[in-house]
Amino acid sequence: MSIETENIQSKGIEEIKKKLSPGLVDSLINEPSAHYIHILLLRELQSNAIFTTNGEDADIATVGISAEDGVLDYSPVMMFKRKQTGSDRRKGKELQRNLLDIKDTMDVNKMNQESPESMLYGSAAGENAIAVTSRVMYDTSYSIRDSSVIIEEKFQNAPGDNFAKGPTSAIREPDFIIPGTLFPCVVTLRDATFEELLFVLGITKMNKRYGAVTSRIGRMQNHILGIYYGIEEGTANLVLSQEVVRHLAIENGGLNRESLNSVLRSPVLDVENVKKLVKQIFDEEAQTLSIESLGDHEIRVLLEYITSEKLKEALEIQKEKASTFFSSVSEKLKEKKGRGKK
């Protein structure tokens, strides 16, 4: 990249940063305030995945969706927020380790105060009884289609087992979610810095594994559809999925139970059409809230800006901010305890 091109890019990034300022903070604060950044996503499953609590049964919900001729019950698959948070946190620590050689752990009681990831995602620090609340908010997301058409069971032998003629403890038939399953969702940052936004966007771009046994299955493509900012939260994930179904039903015969049922049990969905609908639905809702959006060109510029080099720079800046913040909170706590002993 030439110096001139880099200067043009930097100018564009500064303008984007200024535009996002109502949803960001310059320095970390310990009291929640109304600064929100929303990253609108469509997670597209590209291989089989397991989203389960007990190890075998897929996590599903029973919800209703309204039509002109009544309410239709259906059962979407749930991608619990911890499936998203855990995978993203592991990717964040991996990036830190690679770019800054920061050693950190997933143990919430052993936060590394030099870790921008732990400071952002929130982990309890035992020393001085300081607790840092997570400033990245996830919500459980829901499949657009019904669980009856996106779940299949697979016969599995553990590695090295001979063919089993009868049941053994090494064989199980967990529920697998099939490729092509779509999960609209929003990741929200509260009181985050611009560097932390770059970090989360980098994680979202680069992370490809979600669900159980993430090293072997659960490959996911995260389509970033929009970046929003403002003083309040936006549409819930469940509402996004339900509204996509309603819009697809209208496109395919009308808002009635038969048309809804046809969408919910469709063998496939047009990903590009769903992406367009998810963004349209969130944009319409945002118009009724205190939420603004980056333009499509600005989003492309921001995402193209996030390279390993830029992530390293952002993490180095954030490491200093996190360390200063942690020291400040620690010092205030010591002073408070000192006054209490007098």
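All figures in this text were calculated on a predicted structure; none of them were measured in a lab.

Trainee: Help me understand the packing of helix α5 (residues 194-206) against helix α9 (residues 296-305), please; the structure alone is not making it clear to me.
Mentor: Packed helices, taken two at a time, are described by the angle between their axes plus the distance between the axes. Put simply, α5 and α9 touch, their axes get as near as 10 Å, and they point 85° apart. Relative to α9, the element α5 lies roughly perpendicular. Residues Phe194, Leu198, Leu201 and Lys205 of α5 pack against Leu302, Leu303 and Tyr305 of α9. Tallied by class, the residues present in the contact of α5 with α9 amount to six nonpolar, no polar and one charged.

Trainee: Is there a simple way to think about the pairing of strand β12 (residues 220-230) in this case?
Mentor: Taken residue by residue, a regular strand's side chains alternate between the two faces of the sheet. When you tally the buried positions in β12, you get 10 out of 11 residues, the bulk of the element. By the bridge criterion, 10 bridges tie strand β1 (residues 36-45) to β12 in an arrangement that is antiparallel. Across the sheet, the residue bridging to Leu45 is Met220, located in β12. Sheet topology note: the β12/strand β13 (residues 291-293) ladder contains three bridges and is antiparallel. Bridging across to β13, Tyr228 finds its partner in Ser293.

Trainee: Sorry, what's going on with unusual backbone geometry here?
Mentor: Trans is the common state for peptide bonds, and a negative phi is the common state for residues other than glycine. Of note, the phi angle at Asp101 is positive, near 60°, even though the residue is not glycine. Its place among the elements puts Asp101 in the loop between α2 (81-100) and α3 (116-121). Even without being a glycine, Asp191 presents a positive backbone phi close to 55°. As for its position among the elements, Asp191 is in the loop between β11 (182-190) and α5. With a relative accessible area of 2%, Asp191 lands in the buried category.

Trainee: Explanation requested: the pairing of strand β3 (residues 70-74) in the structure shown.
Mentor: Two strands pair when backbone bridges link them, and strand β2 (residues 63-67) and β3 are joined in this way by five bridges, in the antiparallel orientation. From the neighbouring strand, Val63 faces β3, where its bridge partner is Tyr74. Turn length for the β2-β3 hairpin, with the two strands adjacent in sequence and antiparallel, is two residues.

Trainee: Got a minute to help me understand α5 in this structure?
Mentor: An α-helix turns once every 3.6 residues. As a result, residues three or four positions apart point the same way. Over its 13 residues, α5 runs 18 Å from end to end, which matches the ideal 18 Å to within 8%, given 1.5 Å per residue. Counted residue by residue, α5 has 11 buried out of 13 residues, so it is predominantly covered. Buried within α5 are the following residues: Phe194, Glu195, Glu196, Leu197, Leu198, Phe199, Val200, Leu201, Gly202, Ile203 and Thr204.

Trainee: Explain the sheet that holds β11 here, please?
Mentor: Within a beta sheet, neighbouring strands are joined by backbone hydrogen bonds and run either parallel or antiparallel to one another. Taken in spatial order, the five strands of this open sheet run β7-β11-β1-β12-β13, and their pairing is antiparallel. The sheet terminates laterally at β7 (136-137) and β13, the two strands that pair on one side only.

Trainee: Could you clarify how one ought to interpret a negative patch on the surface in this entry?
Mentor: A cluster of acidic side chains, namely Glu56, Asp57, Glu153 and Glu173, defines a negative patch on the protein surface. For Glu153, a relative accessible area of 52% corresponds to the exposed category.

Trainee: Is there a simple way to think about the nonpolar core in this case?
Mentor: Soluble globular proteins tend to bury their nonpolar side chains together. Counting 39 residues, the largest nonpolar core has Leu20, Ile39, Leu197, Leu201 and Leu302 as its most contacted members. Of all the elements, α5 adds the most residues to this core, at seven residues. If we ignore the near neighbours within four places in the chain, the residues touching Leu201 are Ile39, Ile224, Ile227, Leu302, Leu303 and Ile306. Of all hydrophobic cores here, the second largest spans 33 residues; its members include Val186, Tyr228, Val245 and Leu264.

Trainee: Quick question: what am I supposed to make of the side chain of Ser241 here?
Mentor: Relative to the helices and strands, Ser241 resides in helix α6 (residues 237-251). Its relative accessible area of 1% is what places Ser241 among the buried residues. There is a polar contact of 2.7 Å between the side chain of Ser241 and the backbone oxygen of Tyr142.

The rules we used
Residues numbered from 1 in each chain as written. Predicted model: local features only at pLDDT ≥ 70, side-chain atom pairs only at ≥ 80, totals over all residues. Heavy atoms only, no water. Axes fitted to C-alpha atoms, helices over the stretch in contact; angles between N-to-C directions. Helix = DSSP H or I, 4+ residues; strand = E, 2+ residues; numbered from the N terminus. Parallel < 35°, antiparallel > 145°, perpendicular 65-115°, else oblique. Contact = heavy atoms within 4.5 Å. Nonpolar A, V, L, I, M, F, W, Y, C, P; charged D, E, K, R; others polar. Buried < 20%, exposed > 50% of the residue type's maximum accessible area, 1.4 Å probe, protein only. Pairing = 2+ DSSP bridges. Expected span 1.5 Å × (residues − 1). Patch = residues over 30% accessible without salt bridge, like charges linked within 9 Å, V, L, I, M, F, W, Y side chains within 5 Å. Areas by Shrake-Rupley, 256 points an atom, 1.4 Å probe, with all protein chains shown as cover. Salt bridge = Lys/Arg side-chain N within 4 Å of Asp/Glu carboxyl O. Lys, Arg positive; Asp, Glu negative; His and termini not counted. Charge placed at Lys NZ, Arg CZ, Asp CG, Glu CD. Core = buried A, V, L, I, M, F, W, Y, C linked by side-chain atoms within 4.5 Å. Polar contact = N/O pair within 3.5 Å; in protein donor to acceptor, adjacent residues only side chain to side chain.

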